[in-house]
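Structural overview
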Amino acid sequence: MSKNSTCFGPFSSWMEERAKTIRRPEDIPLSIAPLRKERDFFEHPRKEDLDFAVTPYYLSLIEEGDEDPIRRQCIPSIEERRVLPWENADPLQDLSHSPVARLVHRYKDRTLLMVTDECAVYCRHCFRRHFSGGRRGGIGTSELSKVTEYLKNHSELSELLLSGGDPLTLSDGKLQRILEEVRKARPGIVIRLASRLPVVLPARINKELTLMLRSFSPVYFVTQFNHPREITEKSAAAAASLVEAGIPVLNQAVLLRGVNDNTAVLGELFRRLVALRVFPYYLLQGDLAAGTSHFRVPLSRGLEIVSELRGNLSGLAMPVYALDLPGGGGKVPLSENYLLGKREGVSPRGGSEKMEFFRFTSVEGGEFEYPEEKVNN
Ligand SMILES: *Cc1c(COP(=O)(O)O)cnc(C)c1O
Ligand code: SF4
């Protein structure tokens, strides 16, 4: 067996697929002819628009219907030009939490590195649109050495998130160099790689990649499935090959109007992810990114959906519903409140100890109490 056929086969196949990326409206297949609101977007392009790019594979998942959940995520519409006064391009203030170019350090023990601004598909709901598709490309050698210097000087950091853009749009060689430098600077740091490619270009997850990632263990993989129709034979195989290489896979779904703002859809998504051994980690409330209001689900509706899910899903399948606070406050869980309050009393067994009773509602709506001895001090 020649060396080239093993190393080159799968490598060239994802590169070939990537080369077929659709970047112009006239290259969208006729079967999914642009709708009026999509044509309106394409007809008068603006400099500040998020790039358009979609893989033929992801496009092939679109079915009939204007509000197709796949279509909504990848074909831009004029609705993106509606920018509300409380929205902006950098809603989480990445830039003001950036000690070194491309690094966002918002939490004490973990930091996020935007290794490239390229994506295989530009998700129309993207909240990092101040960076994604910005044509800066992959991180340069001197930028990377500033980052590794920072990692060395900040021993409180126990985790590095590699994000972007999509880190897996980089070649294996480039990605390997980044991982090597990070490992050299911080041998034990946990690496969390965030990529949507299992969902939008599953061919990228080939043997070479999974073996390489495995060699830099501990590496966690976080992806973004938003709808059960994104789970196909190919994306399922991509997830399986990561898991089987010993790389835990987590999912961060984004709650999106007209895509998955529905208990049945999300329930099916999370159950099927668990069956793929992909852990539903977060369900994220939409950030206040400029031009994404048509995707946002009211928070009150989000809470309702999550509370319906809670009664019907195994704990393994239930993500944390979270909001990244605008202005750089970081992520907070948005759970429905089961703790109603507390009352004071005495021991139920007739004793005289002062007690506190924490009152809860159950998922089904019943009331329950959790007693605790009152500490006097
Ligand atoms: C989301 C995020 C993290 C990771 O947060 P977790 O709650 O650990 O998943 C880290 N840094 C930044 C800047 C983030 O936005
Ligand atoms: S892959 Fe991530 S960074 Fe890229 S457009 Fe989608 S959400 Fe944004």
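What comes next is a walk through the structure.

Parameters and conventions
Residues numbered from 1 in each chain as written. Chains lettered and ligands numbered in written order. Predicted model: local features only at pLDDT ≥ 70, side-chain atom pairs only at ≥ 80, totals over all residues. Heavy atoms only, no water. Phe/Tyr/Trp six-rings, centres within 6.5 Å; stacked < 30°, edge-to-face > 60°. Helix = DSSP H or I, 4+ residues; strand = E, 2+ residues; numbered from the N terminus. Buried < 20%, exposed > 50% of the residue type's maximum accessible area, 1.4 Å probe, protein only. Lys NZ or Arg CZ within 6 Å of the ring centre and 35° of its normal. Pairing = 2+ DSSP bridges. Axes fitted to C-alpha atoms, helices over the stretch in contact; angles between N-to-C directions. Near = heavy atom within 4 Å. Nonpolar A, V, L, I, M, F, W, Y, C, P; charged D, E, K, R; others polar. Parallel < 35°, antiparallel > 145°, perpendicular 65-115°, else oblique. Left-handed = near helix turned anticlockwise from the far one by under 90°. Contact = heavy atoms within 4.5 Å.

Per the counting criterion, the structure on display carries three aromatic pairs. Centre to centre, the rings of F42 and F52 are 5.1 Å apart; their planes meet at 70 degrees, and the pair counts as edge-to-face. Of this pair, F42 sits in helix α2 (residues 36-43) while F52 sits in the loop between α2 and α3 (56-59); the two residues are ten residues apart in sequence, bridging distant segments of the chain. On the basis of relative accessibility, which here comes to 10%, the residue F52 falls in the buried class. Put simply, the rings of F41, F42 and F52 pair up and form one aromatic cluster. It is R110 that lies over the ring of Y107; its NZ or CZ is 4.1 Å from the centre. A cation over a ring is seen here: R343 above F357, with NZ or CZ 4.1 Å from the ring centre.

Spatial ordering of the open sheet is given by β10-β11-β12, a layout of three strands whose pairing is antiparallel. Unpaired on one side and paired on the other, β10 (339-346) and β12 (367-373) mark the two borders of the sheet. For this sheet the average axis-to-axis angle between neighbouring strands, irrespective of direction, equals 25 degrees. In this sheet, β12 lies alongside strand β11 (residues 354-361) in antiparallel orientation, the contact comprising seven bridges.

A few words now on the site of ligand 2. For ligand 2, the full set of nearby residues is C119, V121, Y122, C123, C126, S132, G165, R196 and Q224. Taken together, the residues of the shell around ligand 2 break down into five nonpolar, three polar and one charged.

A separate point is the packing of helix α5 (residues 141-153) against helix α6 (residues 172-185). Interhelical geometry of α5 versus α6 gives an angle of 30 degrees and a closest axis separation of 9 Å. Here α6 runs roughly parallel to α5, going by the angle between their axes. By crossing handedness, the relation of α5 to α6 is classed as right-handed. In this structure, α5 contributes L144, T148, L151 and K152 to the contact, and α6 contributes R177, I178, E181, V182 and A185. Residues belonging to the contact of α5 with α6 are distributed by class as follows: five nonpolar, one polar and three charged.

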